[in-house]
Amino acid sequence: MPEFCDVAVPVPLDMVFTYRVPADAMPVVGGRVLVPFRQQRTTGIVVELHDRKPSVTIKNIFSVLDAAPVLDEQLLRLGRWIADYYLAPLGEVFRTMLPLNAEFKRSIGYRITADGQMALHLAGVSGSSARSRRTPEEQAAEFRVLDYLAGCISENASGQESVSGKGTASAVPLEVAASRALAPEGSALVREETLRSATRVSRAILSGMVRKKWLAREDLSAAQDATRTMKVALLKSAEGKLNDNQRKLVDTLAASGGKVPVITLRSPDVPRTTLASLVRRGLVEIVDAPADFSVSRSKPRPSLFEFDLNPAQQSALARVREGVVARKFSGMLLHGITGSGKTAVYLAAMRSVLEAGRSAILLVPEIGLTPAVAADLHQIFGDEVAILHSDLSDKERAQQWHRIKRGDARMVVGTRSAVFAPVADLALIIVDEEHDSSYKQEETPRYHARDVAVVRAKSANAVVVLGSATPSLESYFNAKKNKYALVELPDRVEQRPLPEVEIIDMRQEYQETGHEQVISRKLAAEIKDRIERKEQVMVLLNRRGYSPVVLCRTCGKKLECQNCAISLTHHKREHRMVCHYCGYTAPVPKACVHCGSEYVYFLGTGSEKLEELLHGMFPQARIARLDRDTVRGHEDFERTLNALNEGELDLLVGTQMIAKGHDIHGVTLVGVVGADVALGLPDFRAAERTFQLLTQVAGRAGRGQTPGKVVLQTYFQDHYAVQYAAHHDFIGFYEKELQFRSWMHYPPYSALANVLVRSDKLDDALQWSGTLGKWFDATRHEGVRVLGPAAAPIMRLKRDYRYHFVLKSPSREKLNTTLRAMLAYSTQQKIPRTQVIVDVDALWLM
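Residues numbered from 1 in each chain as written. Predicted model: local features only at pLDDT ≥ 70, side-chain atom pairs only at ≥ 80, totals over all residues. Heavy atoms only, no water.

(A) Fine view of the overall build of the protein. A count of helices and strands for the protein gives 25 helices and 36 strands. For the protein, contacts bridging at least 24 residues in sequence account for 75% of all contacts bridging at least 6. (Helix = DSSP H or I, 4+ residues; strand = E, 2+ residues; numbered from the N terminus. Contact = heavy atoms within 4.5 Å.)

(B) Structural detail: the sheet that holds strand β9 (residues 190-191). If you walk across this open sheet you meet the 3 strands as β9-β8-β10, and the pairing is antiparallel. Each of the sheet's edge strands pairs with one partner strand only, and the pair in question is β9 and β10 (215-219). In this structure, strand β8 (residues 108-112) lies alongside β10, joined through 5 bridges in antiparallel fashion. Across the sheet, Gly109 pairs through a bridge with Glu218, a residue of β10. Of the strands in this sheet, β8 and β10 touch helix α7 (residues 203-211), which is tilted by about 110° from β10. (Pairing = 2+ DSSP bridges. Axes fitted to C-alpha atoms, helices over the stretch in contact; angles between N-to-C directions.)

(C) Fine view of a nonpolar patch on the surface. Together, Tyr581, Leu681 and Trp844 give the surface a local cluster of nonpolar side chains, amounting to about 260 Å² of exposed area. Note that Leu681 resides in the loop between β31 (667-672) and α21 (686-698). Judged by its relative accessible area of 37%, Leu681 falls in the partly exposed class. (Patch = residues over 30% accessible without salt bridge, like charges linked within 9 Å, V, L, I, M, F, W, Y side chains within 5 Å. Areas by Shrake-Rupley, 256 points an atom, 1.4 Å probe, with all protein chains shown as cover. Salt bridge = Lys/Arg side-chain N within 4 Å of Asp/Glu carboxyl O. Buried < 20%, exposed > 50% of the residue type's maximum accessible area, 1.4 Å probe, protein only.)

(D) Region of the structure containing the side chain of Asp800. Tracing the sequence through the fold places Asp800 in strand β35 (residues 800-809). For Asp800, a relative accessible area of 17% corresponds to the buried category.

(E) Spotlight on the side chain of Ser438. Structurally, Ser438 is set in the loop between β19 (426-432) and α15 (449-460). Within the local environment of Ser438, its side chain forms a polar contact with the side chain of Asp436, the two groups lying 2.6 Å apart. The residues touching Ser438, leaving out its near neighbours within four places in the chain, are Pro365 and Arg416. (Polar contact = N/O pair within 3.5 Å; in protein donor to acceptor, adjacent residues only side chain to side chain.)

(F) Spotlight on the sheet that holds strand β34 (residues 785-797). With respect to topology, 4 strands assemble into an open sheet ordered β34-β35-β33-β36, the strand pairing being antiparallel. Single-partner strands in this sheet number two, and they are β34 and β36 (836-840). Averaged over all pairs of adjacent strands, the angle between strand axes in this sheet comes to 20°, irrespective of strand direction. Where β34 meets β35, 7 bridges bridge the pair, whose relative direction is antiparallel. Opposite Val786, over in β35, you have Leu807 as the bridge partner. Contacting β33 (751-759), β34 and β35, helix α24 (residues 762-778) runs over the sheet at an angle of about 20° to β35.

(G) A look at the pattern of salt bridges. If you walk through the whole model with that rule in mind, you get 42 salt bridges. Residue Glu142 is joined to Lys212 by a salt bridge in which the shortest nitrogen-to-oxygen separation is 2.9 Å. Linking Glu142 in helix α4 (residues 136-158) with Lys212 in the loop between α7 and β10, this pair joins segments that are 70 residues apart in sequence. Relative accessible area serves as the criterion here: at 5%, Glu142 is assigned to the buried category. Its salt-bridge partner being Asp529, residue Arg530 comes within 3.4 Å of it at the nearest N-O pair. Since its relative accessible area comes to 6%, Arg530 is described here as buried. Among the residues examined, Asp529 registers a relative accessible area of 28% and is labelled partly exposed.

If you want it as structure tokens, here you go:
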């Protein structure tokens, strides 16, 4: 039996840690263990069992959480590849791969010490000290905490259900009993959340009392079953007198069928003691029950397979089936214009996989697309479908993960993290809209789900299909070099025409009207015509808020975020200024914060202002807006899209959220306001992103029986990205853009990495970036070109000052070697690992 095990712990360190194996339980490679790390408990993944005794003192594992691996050998290999390729700590990679946070509840407990009991006694005898530096409010808060915990000792020793002492409740909350169940017998250990709720104190007060040694703090973090939840069940109809709060809970239970989760009954207006009173009276009981989950509330399309696949679709489907049957890795780029029926090919291929008793994963770029696709899959495959994305609660994600792991669901749909779904006998991975930048994670580990999908398919001898109407230049370049098979869908289904695109030059519009226009005369006329014909319209403006800039006309300065070098955006409905990067908010200024002038000018237009303008122009129209401000969760997204599908809306305004993948047959007109916003960004991919966005949003028009039209407003009508998008000419754009990339040695002609050095202190950021810059200059890196250091385009973000290097090389191996050497040198120079960010295959250089 091995005596030691190496554990990958989710910390920003490029190493694993050795622990002693407990005598009563044997961990498994790929399984989780609960281990001590510094002053906390945390979970980690076992990567090796061995008998090699380390030269340092070894800590013991607290507990073994899994009898069988949660990550099989294939997923362990995938995790190691991600850690190696993206230079990410292995423990953080495994944490990303496992959506099981709900199964580990991090909690802190407090108990009163002997010093605390003495302080309580002295306070009770002599009152507060006149020389104390604490305010009366702080003293009162500390007394409440000490009195509560001392009362818990009395209750714990006597076994009674009440506590005594000044300022404490007459009955112990149910949560106290639950927290004591985890504490050693005879102790008075109370969870932090329970203590703060009962005594109304802040964490700062508790931390101060720990420093005074009045309280002892202990880590109570432990595993729990996330697939089940506590529910309240109504036992019998209420008899006797009930107060208003009790009646409210009983009526809620009755209206919900007699059983609801405890958390849904919690309300700021209803005390927690109300539920405890109903339990004591025998009217309700709290039971352990499976957690509820709905795959999707979106309505599936009733005619998904009523049409026959055309010859191009049949050929694409045959290629996929051929690869699946061969059980050998094959990569395929499915390049189909918007409305060409790519989704039908995906679903038909997945149906073939399911009929063969194997598994498939479908990745979509946006959370908003997941419910619609899941509804289609559920219509076809029933309960064989699982859904994974970040907008689910931790418990919901854990429940779905376990369904996949058990084999209850073999068809998985989700955003980028679904690429790690623990399916058995994987046959097919589909990456829809493979060009989308949301497949790239912008925090550690900075992996690209499309590339991870290719590596996973290769490891599993599966087929990977990358689908898009506007493939990334890298993917199309690889297909042309025969790294992938290129499959084309050149026509829309049922021979429907592509929408007509009309370009409106907003410079000429200004000359003819004499003032700045948000909605051109042509677009306004087209919208009016569609509304009169009872057709639907989409209008895209890829900018949130009401006004993106607030400018002082006296001193010329902008109102910027305190944490970022970014202008604050005016949100009129919420009546506040918001930073879209860090979330900082400020009141709407009545005068300039710099010079005091009253001449404050709100400049520019966002989606909120556009919605207001359209309401004024078309008061009879039913208008909705879809952006990050109106969509707080996936239910909001589903509700709006369902309303559009059902014909309950005439006009939908939104950001890029409305441009991706939605199949709304009633939309016959798409207007694009500010089509060229992204062209001004200092990013070599600006033209590609603009072309993709314009092509994708244009594809929302004319997907039904009525031909569509696109009105594209721009100040740069001669730009090649705008012109090629207007003519639906991907090949023309690809060849033009590829010339610029080859001249400047950008992807796909070279591998690229962005190294970002950050610190909340400007001097540190300058010193560290200068240190690394001198190292790059002094060290020979054959085949690697280093640009920088230079201030990042957004120099300050979330309080950090930022400087960066851009590295380019035709050899990925040489680039990786250089980056590893740079990280090793930065460690030698005592530069914190978390302050040097390495982004391999970076998509965002801002």
